[in-house]
Protein chains: 4
Amino acid sequence: MVGGGPGAFIGDVHRKAARLDGEIKIVAGAFDIDPAKSQQMGKELALGQDRIYDTYTEMIRQEIKLPESERIDFVAITTPNNWHFPIARDCLNAGFHVMCEKPMTLTSAEARQLAALVKKTGRVFGLMHNYTGYPMVKLAKDMVKKRDLGRIRKVVVQYPQGWLATALERTGSMQAGWRTDPKQSGAGGCVGDIGTHAANLAEYITGLNITHVCAELTTFVKGRKLDDDCNCLLKFNNGAKGVLHASQISIGEENNLAIWVHGDKGSLEWHQEHPNYLYTRAMDAPEKVWKRGNGYVAAYSAAAGRGTRLPFGHPEAFFEAFANNYRNFTETVKCVIKGEKPSALALDFPDVNDGVRGVLFIETVVASAQSRLKWTPMKK
Amino acid sequence: MVGGGPGAFIGDVHRKAARLDGEIKIVAGAFDIDPAKSQQMGKELALGQDRIYDTYTEMIRQEIKLPESERIDFVAITTPNNWHFPIARDCLNAGFHVMCEKPMTLTSAEARQLAALVKKTGRVFGLMHNYTGYPMVKLAKDMVKKRDLGRIRKVVVQYPQGWLATALERTGSMQAGWRTDPKQSGAGGCVGDIGTHAANLAEYITGLNITHVCAELTTFVKGRKLDDDCNCLLKFNNGAKGVLHASQISIGEENNLAIWVHGDKGSLEWHQEHPNYLYTRAMDAPEKVWKRGNGYVAAYSAAAGRGTRLPFGHPEAFFEAFANNYRNFTETVKCVIKGEKPSALALDFPDVNDGVRGVLFIETVVASAQSRLKWTPMKK
Amino acid sequence: MVGGGPGAFIGDVHRKAARLDGEIKIVAGAFDIDPAKSQQMGKELALGQDRIYDTYTEMIRQEIKLPESERIDFVAITTPNNWHFPIARDCLNAGFHVMCEKPMTLTSAEARQLAALVKKTGRVFGLMHNYTGYPMVKLAKDMVKKRDLGRIRKVVVQYPQGWLATALERTGSMQAGWRTDPKQSGAGGCVGDIGTHAANLAEYITGLNITHVCAELTTFVKGRKLDDDCNCLLKFNNGAKGVLHASQISIGEENNLAIWVHGDKGSLEWHQEHPNYLYTRAMDAPEKVWKRGNGYVAAYSAAAGRGTRLPFGHPEAFFEAFANNYRNFTETVKCVIKGEKPSALALDFPDVNDGVRGVLFIETVVASAQSRLKWTPMKK
Amino acid sequence: MVGGGPGAFIGDVHRKAARLDGEIKIVAGAFDIDPAKSQQMGKELALGQDRIYDTYTEMIRQEIKLPESERIDFVAITTPNNWHFPIARDCLNAGFHVMCEKPMTLTSAEARQLAALVKKTGRVFGLMHNYTGYPMVKLAKDMVKKRDLGRIRKVVVQYPQGWLATALERTGSMQAGWRTDPKQSGAGGCVGDIGTHAANLAEYITGLNITHVCAELTTFVKGRKLDDDCNCLLKFNNGAKGVLHASQISIGEENNLAIWVHGDKGSLEWHQEHPNYLYTRAMDAPEKVWKRGNGYVAAYSAAAGRGTRLPFGHPEAFFEAFANNYRNFTETVKCVIKGEKPSALALDFPDVNDGVRGVLFIETVVASAQSRLKWTPMKK
């Protein structure tokens, strides 16, 4: 693992989620840009002293010398955004598989480089768009795929948060600090941190591509260098229309990613904060509430059934969605190691192409926000 | 009453709501463009035979001849949109007060004419933006006014419906028929029928004015002549940003008008389909659920308290919100008749200026939808 | 109308609900035990001076002298409980139809007398168990009737309130005063005021009879003379089991009547505070949410369809449920006046037999609460 | 670990939850009464061949021979109920700490024996009443403790499920099989499996003891040997009253444990299926919704804060509650090993005394269900 030092949020989530199924073991890491902190975290994790590294480059250099059965199989990258690219590039070049946090890189040029590198090296590349790991999201995707909603007409997707409603970054908050620093986060603030999740969720469930964006980015907190509010109109490649709004200044909103997909035969609704439920509606019929863990869910969607660890009524949540991405990624890595072809179900995790689209989305939104014209086509 | 013949929806609502408090009595009407139907409805309502009219012009002509104590005090206009203007104009000119359905007129030129006429005649003019009649909406307005949310930064308002997801207008549905006919509805379909309600609600609660619109109108049902889906980005006069989306093709959505208002100190949320609750949030504090009918609501907002007929837990709904507009309108009419000055609470009903703004909003959205530029300033 | 003087709660509700459909007109009344207050209310209602009476006996005496076309058709009784019996008896004897608040009488002996009198006089007797007037309750009843839930096994019904959690009756509150006074309320406090509603709802929906009760009554507020909390186990005549709990001291609960009915094929759930929704569940299938006003509701249940005034998404609530009872009662009265047989749909309102059962339920609960034995059979 | 063989539900949950924080490692086990299956599971878990045992007695015998640094620290018992007692007894006698599933034993005699043994051996004994591991349950407990609700008057606790609404045990279902077999489950069916959780939750949050029970047990599914439905009235040691109902035949209910606690100053409500929220209410004030992960929660309740791994809006669920019990248990074990005194926060996990009370509750309910008298005192 690279990143995830003391006080880091997402690195700790990666570790817990990776541990859940008992199939992944952290054996080495460069956890912090400060070597002392990296040592501290490595000790907390009870790693062997020789497997705690001061830098990721050292980690790569040393690990590669170990016998295959001992060395790390893959690297999880959970650093601030600006480090994703060089670390991922070097790991791939060294022959390691990679699980990378989003957004994948700071620029689409870098993103395309990584995509080419993945193709060239044949390594497995996972991108942690964790929200697509929820079983009810997978059920939703299968409903659209099976045409139960008919032709998709409209998508509304939102991701309001409120934690950056004040200048938290000036209080010493590590989380707020790098997220509002363009050097570490890239050109997008709110749009990069959470808007991409919303866009990814919409494309994942509908199987459609966003083709045009009309965006308004605002920085409400004085002195902040990046946007903290993002509102977009969208067009999709089948003619569907969309609304995407995300915010970091919506006080009291916690992590309220939610989506409504409307087709000409029916519609669906899902809320990340209540992830075990999927609501579907058709003309002149009672609304249906699909509940995770039931036989009828697994019967409808193998991916949803597979992504379920507990029976109905025993709620699952964020860690399990995360772990689902890890499980599919790991199974794919195992297949590649064994020279086998991974199943479609195993391949159901966000990959380098999702990473490219995510960075293109950010760049397009930023361009649109600066444009006087209504529609900006998605960059390619 | 003009309009509200057999099979009409909103005319019947007007009658029931107007009756609720026992202060309004329908004594005359021209209920349908078909005189036979007007007669039928008048008889159902047990009106005197001489007070059932074939046309509204006849009604005006005859009523004005009656002694003041017998003649109608005001006229409720519940016809399709295209009739609002001439009827309202003629009623005002004849000296009657008017309660008119929205949108007030087909064009802003007509709207301004009415505004001038109201000023000139001194008659009371009510516009039935019924959703602002809900007590919890009035509570929300007072919260913003008292600066409990701080400076408003962002407004999200939605009004999804699904009943026009198919070509219902081709099945003989009266409701669908006139709403999708530009001759009767004007230039806006979805935006005119329900988008205006959303815009009005946002302006009513926040006390702000929309200054710019970036709109996308779509007609999803083939052959339909007006838009059935409307998505907008908004700018407000204090720098706040907004998202407004409305739809008539969102299957399974019923009448899901809802609003989220975010300030720099807190936020609020309200849903028309669950109108007895208002949700408020502040930084680092539990969410609060305000429930209609409680002492603490009336203590905070006199307007909310006044708009309440039942104790907490005994739900109120659509009719009562409607009746609240009627009650305030009626009290104002009574004051004007007696030559008294109505109280601020009595004047709390949408009026001709809201009507003008509504028509301007429709025209601006239609113009924006046709523009290549992102932002279209609100027409004046 | 008898009762419903200045400051009264339920009398005002009766008037508003009765007005809604425009078919009922209040023409006479004895509104308060204080003649001055009766006069005051009569004037507020703009009644003719000669139709405002000082006492109900005077009202009966005078009204009966009027020609049939002018006199009142029925009497609505909305006094404290102790007056229900003598007024209803005298009205029936005078030949008037009666709509009476619940509980019908203070004792089952009186209740049986009234039942006999209704039979003898052939007058229409309505009992205002208003909660069965909700359309979704009628839908629930029809679901059980059509055996969609299979054989009923278990019923959980609750009615928690919190408004009497303190000694409100000692602050001069009229509502709290008579409800906690055994002379005016009878032997049951909480059980009489709201427990009966819960029992009535359970029997109405399931079509079953409660046969045995195991009850615990508690008075939590010191000095109060009647119970303010009521918990019961129930047995039904088909072998089903039940739980009924009601309370007036559950702080923050408003009027949270709710029911869960479980059969061997499925179950249903309904909440009075969110009355437009009915939830149904079957084995291994998504939950269904039935929403008032939809075609599929009316297609399933004619009673539910008939009890609906607004389209889906335009919420209806307490007044409309009340008005539904009035509408069916009125239609039945009209039939009786015309000598016609009322339809089954018109007869769908609580009547004198429900009144008898309600009083028997109260007496049985009070007896059970005093018994050392677990089960007390329902009195007959 | 003893139990948790192939196909077992709760054993797998124990493993995943125990792994989450990376502090517990399964190194040995006797996973199934069938040695082949035990071997199979041990291999799946990648245990050393010599640490997979055919029987728990063998496990104890062998492990005890290992050096302290290598041998197991504690034993997790996840077998059917009838095995809990002998295994726990033998483990304690051998000097191992124990984490045991509930109910602790089949009889109160055995339960008391275990309690004595824990006292005598000084070993740490955890009982997996997992629902008290939820942070919002801990917040609720602290609210009662700080007297924010005043004196507790009434508790309503429910635990409806529907999965045993048919004779699932005759279809070969392992989960249904042992749960409906008195030899493996003891005298209580529904009451033993889930009723105890409800009772434990009520006592945990309120800090009160149930003193009297009035119970009705029913077996709705023909041929079933144990109750599948359980309804109780309760009395608590401070005079509070209660209602507890649990069911395995409530179709569509999944795992709907929920509790309402009413005091004379306020009340609270919590639902296991939506565990991240706690609702509180006071007189004449808006309802408050407390949301897991916020600073104000941790500031109010150190136990709730400590039991939280993710920030607000990133939902936590069943596994994390389970893991909280493991974490506190483990920290206590570590302290005991080091000879230190565990903190009050570390000791916040259900222990052998909760186990005793649970078995006494089951025995009391079964006795009450057979009694003609209303109240049966809790066995001691």
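Here the structure is a predicted model, which is why all the values come from computation and not from measurement.

Caption draft 1: Structural view of the packing of aromatic side chains. Taken as a whole and assessed by the stated rule, the structure comprises 44 aromatic pairs over all chains. Seen from their ring centres, Tyr-56 of chain C and Trp-83 of chain C are 6.4 Å apart, and the 75° between their planes marks the pair as edge-to-face. Here Tyr-56 of chain C is found in helix α3 (residues 56-63), whereas its partner Trp-83 of chain C is found in helix α4 (residues 81-93), with 27 residues between them in sequence. Trp-83 of chain C sits in the partly exposed class, given a relative accessible area of 33%. Measuring from ring centre to ring centre gives 5.7 Å for Trp-290 of chain D and Tyr-296 of chain D, while their planes differ by 65°; the resulting arrangement is edge-to-face. Judged by relative accessible area, Trp-290 of chain D falls into the buried class, the value being 11%. Through a chain of ring-to-ring contacts, three or more aromatic side chains come together here, namely Tyr-131, Tyr-134, Tyr-159, Trp-270, Phe-318 and Phe-322 of chain A. One Lys or Arg, Lys-146 of chain C, reaches over the ring of Tyr-300 of chain C and ends 4.1 Å from the middle of that ring.

Caption draft 2: Expanded view of the interface of chain B and chain C. Facing 32 residues of chain B, the contacting portion of chain C comprises 32 residues. Between chain B and chain C, a total of about 2,800 Å² is buried, with carbon and sulfur atoms accounting for 64% of that surface. Looking only at chain B, the three residues that lose the most surface to chain C are Leu-20, Glu-254 and Pro-315 of chain B, adding up to 21% of its buried area. At the junction of chain B with chain C, the criterion picks out zero salt bridges. Remark: the boundary between chain B and chain C carries 13 residue pairs in polar contact (both at pLDDT 80 or more).

Caption draft 3: Main features of the sheet that holds strand β2 (residues 74-78) of chain A. All names here are of chain A. Here we have four strands laid out as an open sheet, ordered β1-β2-β3-β4, and parallel in their pairing. Edge positions in the sheet fall to β1 (2-3) and β4 (125-127), since each of these pairs with one other strand and no more. Here β2 pairs with strand β3 (residues 97-100) via four bridges, running parallel. In the strand pairing of β3, Ile-77 is matched with Cys-100.

Caption draft 4: Looking closely at the sheet that holds strand β4 (residues 125-127) of chain B. Residue and element names in this part refer to chain B. Overall, parallel pairing links the four strands, which are arranged β1-β2-β3-β4 in an open sheet. Of all strands in the sheet, those with a lone pairing partner are β1 (2-3) and β4, marking the two edges. With three bridges joining them, strand β3 (residues 97-100) and β4 adopt parallel strand pairing. What sits directly across from Cys-100, in β4, is Leu-127. Strand contacts of helix α12 (residues 318-338): β2 (74-78), β3 and β4, with the helix running at about 170° to β3, the strand carrying the most contacts.

Caption draft 5: Just the relation of the copies chain B and chain A, in detail. In screw terms, the move from chain B to chain A is a rotation of 180° and a rise of 0.0 Å along the axis, fitting with an RMSD of 0.0 Å. Considering both components of the superposition, the chain copies are consistent with a two-fold axis. Comparing interface residues between copies, 100% of those in chain B also sit at the interface in chain A, which points to an isologous, same-surface contact.

Caption draft 6: Inspection of the pairing of strand β11 (residues 277-282) of chain A at higher detail. Residue and element names in this part refer to chain A. Inspection of the sheet shows strand β10 (residues 266-271) paired to β11 by five bridges, in the antiparallel sense. By the bridge assignment for β11, Glu-269 is matched with Tyr-279. Pairing between β11 and strand β12 (residues 287-291): four bridges, direction antiparallel. Considered in β12, the bridge of Tyr-277 is made with Lys-291. The turn joining β11 and β12, which pair antiparallel and follow one another in sequence, is formed by four residues; a positive phi near 50° is taken by Asp-284.

Caption draft 7: Structural context of the interface of chain B and chain A. Facing 47 residues of chain B, the contacting portion of chain A comprises 47 residues. Roughly 3,600 Å² of surface becomes buried between chain B and chain A when both sides are summed, with 58% attributable to carbon and sulfur atoms. Taken as a group, Arg-153, Ile-251 and Lys-374 of chain B account for 22% of the area that chain B buries against chain A, more than any other trio of residues on that side. Counting every contact that joins chain B to chain A gives four salt bridges. Residue Lys-241 of chain A is joined to Glu-216 of chain B by a salt bridge in which the shortest nitrogen-to-oxygen separation is 2.6 Å. For the pair chain B and chain A, the interface holds 22 residue pairs in polar contact (both at pLDDT 80 or more). Among the elements of the structure, β5 (152-160), β6 (210-218), β7 (229-236), β8 (241-247), β9 (258-263), β10 (266-271), β11 (277-282) and α13 (352-370) of chain B are those that each provide at least two residues to the side of chain B that touches chain A. Its residues assigned to classes, the side of chain B that touches chain A shows 19 nonpolar, 16 polar and twelve charged.

Caption draft 8: Layout of the packing of helix α5 (residues 108-121) of chain B against α13 of chain B. Residues and elements named next belong to chain B. At a minimum axis distance of 9 Å, the contact between α5 and α13 shows a crossing angle of 170°. Relative to α13, the element α5 lies roughly antiparallel. Between α5, through Ser-108, Ala-111, Arg-112, Leu-114, Ala-115 and Val-118, and α13, the contact on the second element is made entirely by Val-352, Val-356, Val-359, Leu-360 and Glu-363. Of the residues contributing to the contact of α5 with α13, the split by class is eight nonpolar, one polar and two charged.

Caption draft 9: How the structure looks around the side chain of His-262 of chain D. Mapped onto the elements, His-262 of chain D comes out in strand β9 (residues 258-263). A residue is classified by how much of its surface remains accessible, and His-262 of chain D, at 3% relative accessible area, is buried. Residue contacts for His-262 of chain D: discarding those within four places in its chain leaves Ser-250, Ile-251 and Glu-253 of chain C together with Arg-151, Ile-152, Arg-153, Lys-154 and Ser-267 of chain D.

Caption draft 10: Layout of the nonpolar core. Ranked by internal contacts, the top residues of the largest apolar core, which has 214 residues, are Phe-125, Tyr-326 and Phe-361 of chain A together with Phe-125, Tyr-326 and Phe-361 of chain D. Setting aside chain neighbours within four positions, we find Phe-361 of chain A in contact with Val-191, Gly-195, Thr-196, Ala-199, Ile-210, Val-213, Leu-234, Leu-244 and Met-378 of chain A. With 212 residues, the next largest nonpolar core counts Phe-329 and Leu-360 of chain B together with Leu-117 and Cys-230 of chain C among its residues.

Caption draft 11: Structural view of unusual backbone geometry. Note the cis peptide between Lys-102 of chain B and Pro-103 of chain B, where omega equals -10°. The phi dihedral of Asp-284 of chain B falls on the positive side, at around 50°, and the residue is not glycine.

Caption draft 12: Seen up close, the pairing of strand β10 (residues 266-271) of chain C. All names here are of chain C. With six of its six residues buried, β10 lies for the most part within the structure. Residues Gly-266, Leu-268 and Trp-270 of β10 are buried on one face, and the alternating residues Ser-267, Glu-269 and His-271, pointing to the opposite face, are buried as well. Alignment of strand β9 (residues 258-263) against β10, held across five bridges, turns out to be antiparallel. Within the sheet, the bridge partner assigned to Ala-258 lies in β10 and is His-271. Between β9 and the antiparallel strand that follows it, β10, lie two residues. The hairpin turn running from β10 into strand β11 (residues 277-282), its antiparallel successor, is five residues long.

Caption draft 13: Highlighting a positive patch on the surface. Side chains of Arg-147, Arg-151 and Lys-265 of chain A together with Lys-222 of chain B sit close together on the surface and give a patch of like positive charge. Mapped onto the fold, Arg-151 of chain A is located in the loop between α6 (135-145) and β5 (152-160). Among the residues examined, Arg-151 of chain A registers a relative accessible area of 45% and is labelled partly exposed.

Caption draft 14: Representation of the pattern of salt bridges. Following the criterion strictly, the structure yields 85 salt bridges over all chains and no others. In this structure, Lys-154 of chain B and Asp-229 of chain A form a salt bridge, with 2.9 Å as the shortest nitrogen-oxygen distance. Placement of the pair is Lys-154 of chain B in strand β5 and Asp-229 of chain A in strand β7 (residues 229-236), with the two residues belonging to separate chains. Judged by its relative accessible area of 1%, Lys-154 of chain B falls in the buried class. Two residues, Asp-193 of chain C and Lys-102 of chain C, come together in a salt bridge whose shortest N-O distance is 3.8 Å. One end of the pair, Asp-193 of chain C, is in helix α9 (residues 190-206); the other, Lys-102 of chain C, is in the loop between β3 (97-100) and α5 (108-121), and 91 residues separate them in sequence. Look at Asp-193 of chain C and you get buried, because its relative accessible area is 12%. Salt bridges linked by common partners bring Asp-12, Arg-15 and Lys-16 of chain A together with Asp-21, Arg-309 and Arg-327 of chain D together as one network.

Caption draft 15: Up close: the side chain of Asn-294 of chain B. Inspection of the secondary structure puts Asn-294 of chain B in the loop between β12 (287-291) and α10 (295-300). Residue classification places Asn-294 of chain B among the buried residues on the basis of a relative accessible area of 8%. At 2.8 Å, the side chain of Asn-294 of chain B and the backbone oxygen of Lys-291 of chain B are in polar contact. Once residues within four sequence positions are removed from consideration, Asn-294 of chain B is found in contact with Phe-312 of chain B, Glu-254 of chain C together with Asp-284 of chain D.

Caption draft 16: Structural view of the environment of Glu-331 of chain A. All names here are of chain A. Structurally, Glu-331 is set in helix α12 (residues 318-338). Along the backbone, Glu-331 and Pro-6 are 325 residues apart, and their C-alpha atoms lie at a distance of 29 Å. Once residues within four sequence positions are removed from consideration, Glu-331 is found in contact with Arg-306, Ser-343 and Ala-346.

Conventions used here
Residues numbered from 1 in each chain as written. Chains lettered and ligands numbered in written order. Predicted model: local features only at pLDDT ≥ 70, side-chain atom pairs only at ≥ 80, totals over all residues. Heavy atoms only, no water. Phe/Tyr/Trp six-rings, centres within 6.5 Å; stacked < 30°, edge-to-face > 60°. Helix = DSSP H or I, 4+ residues; strand = E, 2+ residues; numbered from the N terminus. Buried < 20%, exposed > 50% of the residue type's maximum accessible area, 1.4 Å probe, protein only. Lys NZ or Arg CZ within 6 Å of the ring centre and 35° of its normal. Contact = heavy atoms within 4.5 Å. Buried area = accessible area lost by both parts, 1.4 Å probe. Salt bridge = Lys/Arg side-chain N within 4 Å of Asp/Glu carboxyl O. Polar contact = N/O pair within 3.5 Å; in protein donor to acceptor, adjacent residues only side chain to side chain. Pairing = 2+ DSSP bridges. Axes fitted to C-alpha atoms, helices over the stretch in contact; angles between N-to-C directions. Least-squares fit on C-alpha atoms with pLDDT ≥ 70 in both. Nonpolar A, V, L, I, M, F, W, Y, C, P; charged D, E, K, R; others polar. Parallel < 35°, antiparallel > 145°, perpendicular 65-115°, else oblique. Core = buried A, V, L, I, M, F, W, Y, C linked by side-chain atoms within 4.5 Å. Patch = residues over 30% accessible without salt bridge, like charges linked within 9 Å, V, L, I, M, F, W, Y side chains within 5 Å. Areas by Shrake-Rupley, 256 points an atom, 1.4 Å probe, with all protein chains shown as cover. Lys, Arg positive; Asp, Glu negative; His and termini not counted. Charge placed at Lys NZ, Arg CZ, Asp CG, Glu CD.

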